[in-house]
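# Working through the structure, step by step
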Amino acid sequence: MKKILLWTIVAALLSLTRPVYGRELQVVTTFSILEDLVQQVGGERVQVTSLIARGADPHVWEPTPRDARIVAQADLLVANGGGFDDWLLGLVKNAARTDTPLVLASQDLAVLEHDHDHHHHEGDPHFWLSVPNAISYVEQITKALTLLSPDDALYFQERSREYVQGLLELEEWMISELARIPKENRVIVTYHNAFSYLAERYGFDVAEFLVENPEAEPSPRDLARLVDLLKRMNTRALFTEPQLSGGTRYMNALAQEVGGKVYTLYSDSLSADVTSYVELMRYNTRTLVEALE
Ligand SMILES: [Zn+2]
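Owing to the predicted nature of the structure, the values given are computational and were not obtained by experimental measurement. (Residues numbered from 1 in each chain as written. Predicted model: local features only at pLDDT ≥ 70, side-chain atom pairs only at ≥ 80, totals over all residues. Heavy atoms only, no water.)

## Side note on the nonpolar core
Formed by 72 residues in total, the largest nonpolar core has its most connected members in Phe204, Tyr277 and Leu288. Taken domain by domain, this core gets at least three of its residues from each of domain 1 (22–172) and domain 2 (181–292). Setting aside its immediate chain neighbours within four residues, Tyr277 contacts Ile33, Asp36, Leu37, Trp128, Ser130, Val131, Ala134, Tyr163, Leu167, Leu170 and Leu270. Of all hydrophobic cores here, the second largest spans 16 residues; its members include Val189, Leu210, Tyr250 and Ala255. (Core = buried A, V, L, I, M, F, W, Y, C linked by side-chain atoms within 4.5 Å. Buried < 20%, exposed > 50% of the residue type's maximum accessible area, 1.4 Å probe, protein only. Domains from an automatic or database assignment. Contact = heavy atoms within 4.5 Å.)

This is the structure in structure tokens:
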């Protein structure tokens, strides 16, 4: 009897600590990787919506009136920052609720710039492709959720701690797998400049990506330069990304010319097959090992 009474009290207390009874926090993110990170921390106390659909290319995203409506109803907005999803700021300005908190997940991270003289000097905004950077994102998200709903602080912090623990284990696995790739093969030839944080953290060179931004077309000079480089490499592996159909065309043509092979790395989006950030990093690790070992 005593036990039942105790549980009744606990249940009553728990229901009091919810921010708004029976309603999850509405969190809106710009793209699917942030959606996953927020879901991991927020659990059943958040409802997360990504504006950019899985498999779509964030670089060419045009926000719609539907996006504006979703933003207007959000309790919290989470964007990447670093120039990756600036269009959200315009939507927020036009939304009815201008006081909605906005988190830029990458705000504490230093931008890596590359030094190719034939490209513009813009930093790479794809911070999340290095695990420590993703942990920094998770910390920003945890802080924002806790501020928004202090009564759920313990719940969010506990989930966040467990998830970060999982990310540390993920990275340990990645490092031991990637150790199988010999030093001379550690070049990632990609279509767009997305992998500089991955390269810096895990010991690769990505000097020869084709374009800064996937909206741009590679020049004949870029293509000739890449053919030269590939012909000098042992492993003629090229990496394209599932959301870039235009880029894949160029990469296939290049691979044919040098007798190389095209592989897929995930960068800007989850998909029906790769449904979480952890799966994305595992997929990329396996692909790099298969292509360059
Ligand atoms: Zn990108």
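## A look at helix H10 (residues 277–292)
Given a rise of 1.5 Å per residue, 16 residues ought to cover 22 Å, and the 22 Å separating the end C-alpha atoms of H10 matches this to within 8%. Looking only at H10, the buried set comprises Tyr277, Leu280, Met281, Asn284, Thr285, Thr287, Leu288, Val289, Ala291 and Leu292. Of the surrounding secondary structure, the elements contacted by the buried residues of H10 are helix H2 (32–42), helix H5 (131–148), helix H6 (153–178), helix H7 (196–202), strand S5 (237–240) and strand S6 (261–264). (Helix = DSSP H or I, 4+ residues; strand = E, 2+ residues; numbered from the N terminus. Expected span 1.5 Å × (residues − 1).)

## Some thoughts on the packing of aromatic side chains
Tallying each qualifying case throughout the model produces nine aromatic pairs. Consider the rings of Tyr191 and Tyr250, whose centres lie 6.2 Å apart with planes at 10 degrees: the pair is stacked. You can see Tyr191 sitting in the loop between H6 and H7 and its partner Tyr250 sitting in helix H9 (residues 245–258), a full 59 residues away along the chain. Residues Tyr191 and Tyr250 agree in their burial class; the two are buried. Between the aromatic rings of Tyr266 and Tyr283, the centroid separation amounts to 5.0 Å while the plane-to-plane angle is 85 degrees, which identifies the pairing as edge-to-face. Of this pair, Tyr266 sits in the loop between S6 and H10 while Tyr283 sits in helix H10, placing them 17 residues apart in sequence. Classification of Tyr283 by relative accessible area gives partly exposed; the value is 28%. A connected cluster of aromatic rings, assembled from ring pairs, spans Phe31, Phe84 and Trp128. Looking at Arg186, its charged tip hangs above the ring of Phe204, at a distance of 4.8 Å from the centre. Here the guanidinium or amino end of Arg249 rests over the ring plane of Tyr250, the centre of that ring lying 5.1 Å away. (Phe/Tyr/Trp six-rings, centres within 6.5 Å; stacked < 30°, edge-to-face > 60°. Lys NZ or Arg CZ within 6 Å of the ring centre and 35° of its normal.)

## Observations concerning the confidence of the model for the protein chain
Caution is warranted with low-pLDDT regions, since their predicted coordinates should not be read in detail. When the pLDDT values of the protein chain are averaged, the result is 87; 86% of them are 70 or greater. With pLDDT under 50 throughout, residues 15–19 is counted as low confidence; its partners more than four residues away or in other chains account for ten contacts. For the stretch residues 116–121, pLDDT sits under 50, and the model shows 19 contacts to residues farther than four places along the chain or on other chains. (pLDDT = per-residue confidence, 0-100.)

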